[in-house]
Amino acid sequence: MTEWRPLPLGSSLNGAPSAPAPAPVIGKLEILPFTALSWEDFERLQWRVMHDVEGLRHAQIYGDRGQAQYGLDIVALAPDGIGVALQSKKYTKFGAVEIRAAVKKFRTTERPFLVDRLIIGVASTVRRTGAMEELCEQSKTLQPISLELWDAQRLSYLLRGRPEIVIEFFGMPTAEAFCLPFKLNVPSVPAAEVVAIREAIARTPEVATGAQQYFDDAVTTSDPGQALLLIEAGQAKLRDAGFGPHAAQYDKDRIRLLASVGRAGEAARYVLDDFWAALDQGLSATARITQSRLEELSKLAEQNEQVELYRRVGKVAIGLYLNPVAYVPDVGSLRIGDSADQVRLALLAGETALSNDDQYWLSRAVPVFTELSGISSIDRVLRTRSRLILAEATGDWSELLTDARRLQLGHDLLGLVTARYARHCALREKFQEADLAWEEASGYATLARQWGEASTWIFSRRGFRTHWNPFTSDDLLPLQTAIRGMGTSSPIVPAADGAYEDALAALSDQKLRSAAISAQRALRDAVTVGDWVGEERARRALATILIESDEPALAARHLARAGAIKAIEALGKALPREFIDVLDDLAAPNYWTVGTVYRLLATQADLIPDDFVDTVSDHLLGELAAAETGSRPDLRAFATSRYNNAVKALAGIADRLDADHANKALSHFEKQPPVEENHYRYHDEDEALVLAKIAITHPSLAARAVPHLASLLGRSQGARNSTTLDAIDKNRQLAHETLTALAGAGNRWASETLSFEDPKEFNASVTAEALARLTTPLIHTDGVYSVGTNAISDSLLVRHLPSDAVEAVVAELLVRADDPYLSSSDRGEYLVAAANLSRHIDQSEREEFFDTAVRLATSPTPSEHDKFNEQFTHKLGGFRMNGTPRDSRGQAVLLAAAFAEDDNQRACVRRLAYSLLGEESDYWPTRALQYLGDTIKDDLAFLASQGWAIRSLAATLWVNFADPAHLGNRLAADHDVRVRRALAHALAQQPETTHPTVRGQLATDPAYSVRVALRGRLI
């Protein structure tokens, strides 16, 4: 039964006309001679108008062309989705009867989709009144479907502005006489092979090339040998036409036939070669399919040793390639197959080991690579890659570089060898030599017209310069852009295009195994060709995948080599109970790897096992000593600095140093040259922590550490924290002389600290200035906002003044805490300053201040400053302000707690504090709840499920009340070390016989600070 079917690309309707039908031209032509066209060409012309003029696509044709007296029925879709139908016949006459017949046929024919427009095509011009009246009548009956008549006049109108169609169907003279003025843009004639490919797409490659006949004959013959010849002939046809993948589809039949005629070994070799080609291109799915053919072949030829050998080669290779954690077996187990197979297996393992910096495996593989690289019969690229592995393993590049520079390997491989040598130098901090080598490599690649490699190696120079000459990398951008525009080239070393993108896509879909395999391939490809930038980004991607796969140690190794400071810091923080041991990487030959490892150690300092502390200390003190002599390259202004990160790690373990290490660290900091005024050192804050911890844990060194610390804190506000200030407070006498000298020089912090030390020594002028700052009403200017108050320190200076003065201060502070021109950050400081003074307020004023605090905790005046800052908080903004508080209600609750006097007020405070839990931070509500004492003891189970600060408070209270009983073990296993440390510190204040199970749990805690807190010492 005749039915609708898609119009194929190879349809004759899409072809050229059989011959032009020129019109007799005398003067201007008004109507094209459509009746002069053959019926096939007229149909072609109508479809061209539908396709090229109307823009219709997705056509379907009804019946077979030529049926029903040369008729054409076709439907297609317009760009807006409207269906269009064309009915066409080569009518000898056209009138009302033909119009009615066409409409009737349209009504009675089912179509593949809805049609909103019917076109009737006719070659002649329709002028009869009856025909036009019938057309109008039928248009009304078809509504809402529109009815159009494409007669000669209408078609001429549609084609007047399309000279290219007119020329093709009627010739140039007709086009010049008929069309609007035009100028032809002569296109280049498509090459013969392009035309052939287009034909193959339309008719299938097998049909277009004639290969299908061979394959059909192979099916019908009963002679296996003859069938084999036919299959091979068909495959040859396809390959010669450029359709290798189509030819490969018939390999299964060829292999079966080879086995049946006693040529299984030949078949296996052919399959294995295809397998290696698939792996080279990163087509792992194709490689697995090809390997399965080896498995099938081994079953067909069970006694064939050669087939079995090749099967083993494929199995080992696919196991190596698809290992997501880059495991490589002993190199001896890879000595299977022909010499070329052994080289390929060894290279796959060797380049995997090199990419993952497995120097142990590489050193053990030296004899094997020495032997394999001497096989002259293997491919030149494979042999050079083997020699590169040997040079990487031994560190001896002299022979390979000599051969390459003498052009014994060709310009392409000279570029590859030079780029790999550049990478080798770069990893060993031979900065200028690496830069020059990459420059030479890109030059050699240009001579070999390897544009891809040339651009990659220029980009490598740019990327590497960030490690030693960071402000010059963009100087090379114009050159890189120019080379990239030279064109494309086949890579010297086969690579898996899109492996990096595949890894990211698989990671996004949580297909972690596939992601890891693709990332390993991307890394291996980058390392193999000396692509520095590609290697770094592949390491970062692979590390992210390994983190998601619960392989933190492997991830950390890649992050360290990539110098990914933020990522490795985030990794360390994400594992608060697990130490990531990458200490071996402290022996890395470059500062950015070592510096990144030190950052991880600093992040996880509390988790460093006791047995490792001396080893880590030796490394850190070695860094300090090297810094004194300048013997190790470093960029201290950058996050990967080995020295700055070493000091940061030292700050993390300074309370665990023995006396000798502590003395050496202190001596190093004492030797530093003075800091100029208004200058700072990158490591000021970490140095202050080291000094503070040494002063507390080694009293014999405190006399040296404390004055140095006081001097440092005097110039570095950022270094002032609870640990450093506590060290000063515990050693007031040792700090006194330094503080006095600083105060005498006008240092405000020193003056305030001396005033805090002893009220009798209050400096009246300092106190008067603080009082003035706290009581003088603020003056604002529209559109101008200030940040910072110093109110907390000032409140401590005035707390010993008469009560009326203190009350005046608190009153002004509360006014400022509701000032619409102030940010929540500043409001919070004023509220905390008021809380500091609460105990010095007379009973008569406390209730009023309490009520004000409650109002500020529930309905404060909106802050215009906060609203202004909101425009800088979007994560995609070009300028962002992160971490700026946008709420001061927590500090207001703290103030209310400080003024609460009776049970009703305390109940109000508890209610307010609980209402704020689960928001930005529960620190201030926790501080408020501390004022309430044991009135919240019945809520411990609830509090233990809140933020870290509330859980810490719950831990402290649980030690006293032990209810509910199971809560202690839960808190002792809390993921946040601050909670466990609070619990341990609270237990240390109790008799040792209390809560033995919880004590035992904390005694084996992985965090040193928890274990030491349990012993009664807290830093």
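Rules of the game
- Residues numbered from 1 in each chain as written.
- Predicted model: local features only at pLDDT ≥ 70, side-chain atom pairs only at ≥ 80, totals over all residues.
- Heavy atoms only, no water.
- 1 Å grid on protein atoms, 1.4 Å probe; cavity = no way out; pocket = protein on both sides within 12 Å on 5 of 7 lines; lining within 4 Å.
- Points joined across faces, edges and corners; volume = space filled by probe spheres on them.
- Helix = DSSP H or I, 4+ residues; strand = E, 2+ residues; numbered from the N terminus.
- Nonpolar A, V, L, I, M, F, W, Y, C, P; charged D, E, K, R; others polar.
- Core = buried A, V, L, I, M, F, W, Y, C linked by side-chain atoms within 4.5 Å.
- Buried < 20%, exposed > 50% of the residue type's maximum accessible area, 1.4 Å probe, protein only.
- Contact = heavy atoms within 4.5 Å.
- Expected span 1.5 Å × (residues − 1).
- Axes fitted to C-alpha atoms, helices over the stretch in contact; angles between N-to-C directions.
- Parallel < 35°, antiparallel > 145°, perpendicular 65-115°, else oblique.
- Left-handed = near helix turned anticlockwise from the far one by under 90°.
- Salt bridge = Lys/Arg side-chain N within 4 Å of Asp/Glu carboxyl O.
- Phe/Tyr/Trp six-rings, centres within 6.5 Å; stacked < 30°, edge-to-face > 60°.

Looking at an unreviewed UniProt entry, the protein carries the name Restriction endonuclease type IV Mrr domain-containing protein, with the source organism given as Microbispora oryzae.

The next subject is empty space enclosed by the protein. A probe as big as a water molecule, rolled over the atoms, marks out the empty space that is left. The full count for this structure, using the stated rule, is four cavities of 30 Å³ or more. Counted as a void, the largest cavity has a volume near 210 Å³. As for the largest cavity, its lining consists of 16 residues, and the residues nearest its centre are Asp-280, Leu-348, Glu-351, Arg-385 and Arg-521. Put simply, the parts of the chain that give the lining of the largest cavity at least two residues each are α14 (264–280), α17 (339–355), α20 (380–394) and α27 (512–529). A class-by-class count of the residues in the lining of the largest cavity yields eight nonpolar, one polar and seven charged. Lining of the second largest cavity is provided by Trp-4, Asp-73, Ile-74, Val-75, Ala-85, Leu-86, Gln-87, Lys-105, Phe-106, Thr-109 and Arg-111. Secondary-structure elements contributing two or more residues to the lining of the second largest cavity are β3 (71–77), β4 (83–89) and α3 (96–108). Considered class by class, the residues forming the lining of the second largest cavity number six nonpolar, two polar and three charged.

The next point concerns the nonpolar core. Counting residues in each nonpolar core, the largest one holds 212 residues, and the members touching the most others are Trp-361, Leu-601, Leu-650, Val-810, Val-909, Leu-983 and Leu-1002. Element by element, the count of residues in this core is highest for α14, at nine residues. Excluding its chain neighbours within four sequence positions, the residues that come into contact with Leu-650 are Leu-620, Leu-621, Leu-624, Leu-657, Ala-665, Phe-669 and Val-690.

Another aspect to go through is α17. An ideal rise of 1.5 Å per residue puts 24 Å on 17 residues; α17 measures up with 24 Å between its terminal C-alpha atoms. Within α17, 14 of the 17 residues are buried, leaving the element largely enclosed by the surrounding structure.

We now examine the layout of surface pockets. Put simply, the second largest pocket is a space of about 840 Å³. Thr-456, Ala-495, Asp-497, Asp-531 and Arg-537 are, among the 30 residues lining the second largest pocket, the residues nearest its centre. Elements with a contribution of two residues or more to the lining of the second largest pocket: α24 (451–465), α25 (477–484), α26 (499–508), α27 and α28 (532–548). The element contributing the most residues to the lining of the second largest pocket is α24, with seven residues.

The next subject is the packing of α14 against helix α16 (residues 305–321). It is at 9 Å that the axes of α14 and α16 come closest, and there the two elements cross at 15 degrees. Taken together, the axis directions place α14 and α16 in an arrangement best described as roughly parallel. Between α14 and α16 lies a crossing whose hand is left-handed. From α14, Ala-264, Gly-265, Ala-268, Arg-269, Leu-272, Phe-275, Trp-276 and Leu-279 reach across to α16, where they touch Gln-306, Val-307, Tyr-310, Val-313, Gly-314, Ala-317, Ile-318 and Tyr-321. Partitioning the contact of α14 with α16 into residue classes produces 12 nonpolar, three polar and one charged.

The next point concerns the pattern of salt bridges. Per the stated rule, a full pass over the model turns up 64 salt bridges. Two residues, Arg-100 and Glu-134, come together in a salt bridge whose shortest N-O distance is 3.2 Å. Of this pair, Arg-100 sits in helix α3 while Glu-134 sits in helix α4 (residues 129–142), and the two are 34 residues apart along the sequence. Note that Arg-364 and Asp-330 form a salt bridge whose closest N and O atoms lie 3.3 Å from each other. Separated by 34 residues along the polypeptide, Arg-364 in helix α18 (residues 359–364) and Asp-330 in the loop between α16 and α17 bring together distant segments of the chain. You can call Arg-364 partly exposed: its relative accessible area is 47%. Relative accessible area serves as the criterion here: at 41%, Asp-330 is assigned to the partly exposed category. One salt-bridge network, held together by shared partners, links Glu-232, Arg-254, Arg-263 and Glu-266.

This model, assessed by the stated rule, comprises 22 aromatic pairs. Measuring from ring centre to ring centre gives 5.2 Å for Phe-464 and Trp-532, while their planes differ by 75 degrees; the resulting arrangement is edge-to-face. Pair noted here: Phe-464 is in helix α24 and Trp-532 is in helix α28, with a separation of 68 residues, a long-range link. Residue classification places Phe-464 among the buried positions, given a relative accessible area of 0%. Note on Trp-532 and Trp-592: the rings are 6.1 Å apart at their centroids and 80 degrees apart in plane angle, and the pair reads as edge-to-face. Placement of Trp-532 in helix α28 and of Trp-592 in helix α31 (residues 591–603) is noted, with a sequence separation of 60 residues between them. The same class applies to Trp-532 as to Trp-592, namely buried.

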